[in-house]
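Structural characterization, general
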Amino acid sequence: MQEAKGFTLWFTGLSGAGKSTLAHLVAEELRRRGRKVEILDGDEVRENLSKGLGFSKEDRDTNILRIGYVARLLARNGVIAIAAAISPYRETREKVREANGDFVEVFVKCPLEECIRRDVKGLYQKALKGEIQQFTGISDPYEEPLNPEIVVETDRQEPEESAVLIISYLEEHGYLEPADRIQEGRNG
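Residues numbered from 1 in each chain as written. Predicted model: local features only at pLDDT ≥ 70, side-chain atom pairs only at ≥ 80, totals over all residues. Heavy atoms only, no water.

Quick look at the confidence of the model for the protein
The predicted coordinates of low-pLDDT regions are not to be read in fine detail. In plain terms, the rule: As a per-residue measure, pLDDT reflects the predictor's confidence and takes values from 0 up to 100. By the convention used here, residues are in contact when the closest approach between their heavy atoms is within 4.5 Å.
Per-residue confidence for the protein gives a mean pLDDT of 91; residues scoring 70 or more make up 94%. In the predicted structure, residues 182-188 sits below a pLDDT of 50 and forms four contacts with residues beyond four places in sequence or in another chain.

Laid out in structure tokens, this is it:
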């Protein structure tokens, strides 16, 4: 049996948009289908691979390029690498896309006001008060993707609806076997 091909599934969006929630929902479905999956969550990577980096544009770019590098290593070994990182700068995301080959960008779109409302850590409030500098969406830019493969609107969709849209895209574009074909293979 031929090993399934890996690829990079890149979630980008503001803090609080729902990237991590969706990454985990999609990963759960992919694993249920027998695929190898790793989630590269922005906060976890910053803690473990990018400790010491600040939030300057250069440091943010370095962090995103590191996530992209790890995703590329995983994908070339048959793993679906799911990155869930704000990745605010379009040019840096494009560099990762170019380096990674099979790359699917998911724009987790959510209005800033809704992200602020959802903010359980209180980071937006601190940024609005000037207590946190260079905070994406407040005092630092977020450059929306121009041509993402998938756009989910988490202020209008339940997380499960968004996950279904993502899985459907992956099936329709050959990244994933359709669920009904998987069942036929198991039953036949």
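Quick look at the pairing of strand E1 (residues 7-12)
Which entries qualify depends on this criterion: Buried, partly exposed and exposed residues are distinguished by accessible area as a fraction of the type maximum, computed with a 1.4 Å probe on protein chains only: under 20%, between the cut-offs, and over 50%, respectively. Helix and strand definitions follow DSSP, with helices as H or I runs of at least four residues and strands as E runs of at least two, each counted in order from the N terminus. Paired strands, in this sense, are two strands between which DSSP finds at least two bridges.
With six of its six residues buried, E1 lies for the most part within the structure. Side chains Phe7, Leu9 and Phe11 project from E1 onto one buried face, and the interleaved Thr8, Trp10 and Thr12 project onto a second face that is buried too. Inspection of the sheet shows E1 paired to strand E3 (residues 80-84) by five bridges, in the parallel sense. Note on E3: the bridge partner recorded for threonine 8 is alanine 81. For E1 and strand E4 (residues 103-109), the ladder comprises five bridges, and the chain directions are parallel.

Here we look at the environment of tyrosine 142
As a reminder of what qualifies: Under this definition, polar contacts are N or O atom pairs within 3.5 Å; protein pairs additionally need one hydrogen-donor-capable and one acceptor-capable atom, and for neighbouring residues in sequence, both atoms have to be side-chain atoms.
Counting through the fold element by element, tyrosine 142 comes out in the loop between helix H6 (123-128) and strand E5 (150-153). Its relative accessible area of 15% is what places tyrosine 142 among the buried residues. When neighbours within four sequence positions are excluded, tyrosine 142 is seen to be in contact with Thr12, Gly13, Leu14, Ile86, Ser87, Pro88, Arg93, Phe107 and Thr136. A distance of 2.8 Å separates a polar atom in the side chain of tyrosine 142 from a polar atom in the side chain of threonine 12. In this structure the side chain of tyrosine 142 is engaged in a polar contact, spanning 3.3 Å, whose partner is the backbone nitrogen of glycine 13.

Description of helix H7 (residues 159-172)
Quick reminder: α-helices carry 3.6 residues per turn. Residues three or four places apart thus point the same way. Put simply, the rule is: Expected helix span is taken as 1.5 Å per residue step, with the number of steps being one fewer than the number of residues. Arc definition: directions from the helix axis to the C-beta atoms.
For H7, which comprises 14 residues, the first-to-last C-alpha distance of 20 Å matches the rise-based estimate of 20 Å (1.5 Å per residue) to within 8%. Residues of H7 that are buried: Ser162, Ala163, Ile166, Ile167, Tyr169 and Leu170. On an axial view of H7, the arc spanned by its buried residues comes to 155°, and they lie on one face. Facing away from the buried side of H7 by over 90 degrees, the exposed positions are Val164 and Glu172. If you follow the buried residues of H7, they end up packed against E1, helix H1 (19-32), E4 and E5. Of the residues flanking the end of H7, it is glycine 174, one or two places downstream, whose phi is positive at about 80°.

A closer look at the nonpolar core
Test applied: Take the buried Ala, Val, Leu, Ile, Met, Phe, Trp, Tyr and Cys residues and link them wherever side-chain atoms come within 4.5 Å; each set so joined is a nonpolar core.
The biggest cluster of nonpolar side chains holds 33 residues, and the ones touching the most others in it are Leu9, Phe11, Val26, Ile82 and Ile166. Of all the secondary-structure elements, those providing two or more residues to this core are E1, H1, strand E2 (37-41), E3, E4, H6, E5 and H7. Within the second largest apolar cluster, 13 residues are counted, among which are Val45, Ile64, Leu74 and Ala81.

Topic: the packing of aromatic side chains
Here is the rule we go by: Here the aromatic set is Phe, Tyr and Trp, taking the six-membered ring for Trp, and pairing holds for ring centres within 6.5 Å; pairs whose planes are under 30 degrees apart are stacked, those over 60 apart are edge-to-face, and all others are tilted. Charges are assigned to positions over rings by a cutoff of 6 Å between ring centre and Lys NZ or Arg CZ, combined with an angular limit of 35 degrees from the ring normal.
With the rule as written, the count across this model stands at four aromatic pairs. Relative to phenylalanine 135, the ring of tyrosine 124 has its centre 4.9 Å away and its plane inclined at 80°; by these criteria the two rings are edge-to-face. With tyrosine 124 in helix H6 and phenylalanine 135 in the loop between H6 and E5, this pair connects stretches of sequence that are 11 residues apart. By relative accessible area, which is 1% here, tyrosine 124 ends up buried. It is arginine 46 that lies over the ring of phenylalanine 55; its NZ or CZ is 4.1 Å from the centre. In this structure, lysine 57 packs its charged tip against the face of tyrosine 89, placed 4.4 Å from the ring centre.

Overview of the pairing of E5
Remark: a regular strand shows side chains that alternate across the two faces of the sheet. Side chains Ile150 and Val152 of E5 all project onto a buried face; the interleaved residues Val151 and Glu153 project onto a face where none is buried. For E4 and E5, the ladder comprises four bridges, and the chain directions are parallel. Bridge pairing in E5 links valine 108 to valine 152.

Things to note about the sheet that holds E4
To keep things clear, this is the line we draw: For every element, the axis is a line fit to its C-alpha atoms; helices are fit only across the contacting stretch, and the angle between N-to-C directions ranges from 0 to 180 degrees.
Reading across the sheet, the five strands line up as E2-E3-E1-E4-E5 and stay open at both edges, with parallel pairing between neighbours. Strands at the two margins of the open sheet, each flanked by one partner only, are E2 and E5. Neighbour-to-neighbour, the strand axes of the sheet open up by a mean angle of 20°, direction not taken into account. The sheet contact formed by E2 and E3 spans five bridges and is parallel. Across the sheet, the residue bridging to aspartate 41 is alanine 84, located in E3. Together, E1 and E4 form the strand contacts of helix H4 (residues 90-100), whose direction differs from that of E4 by roughly 150°.

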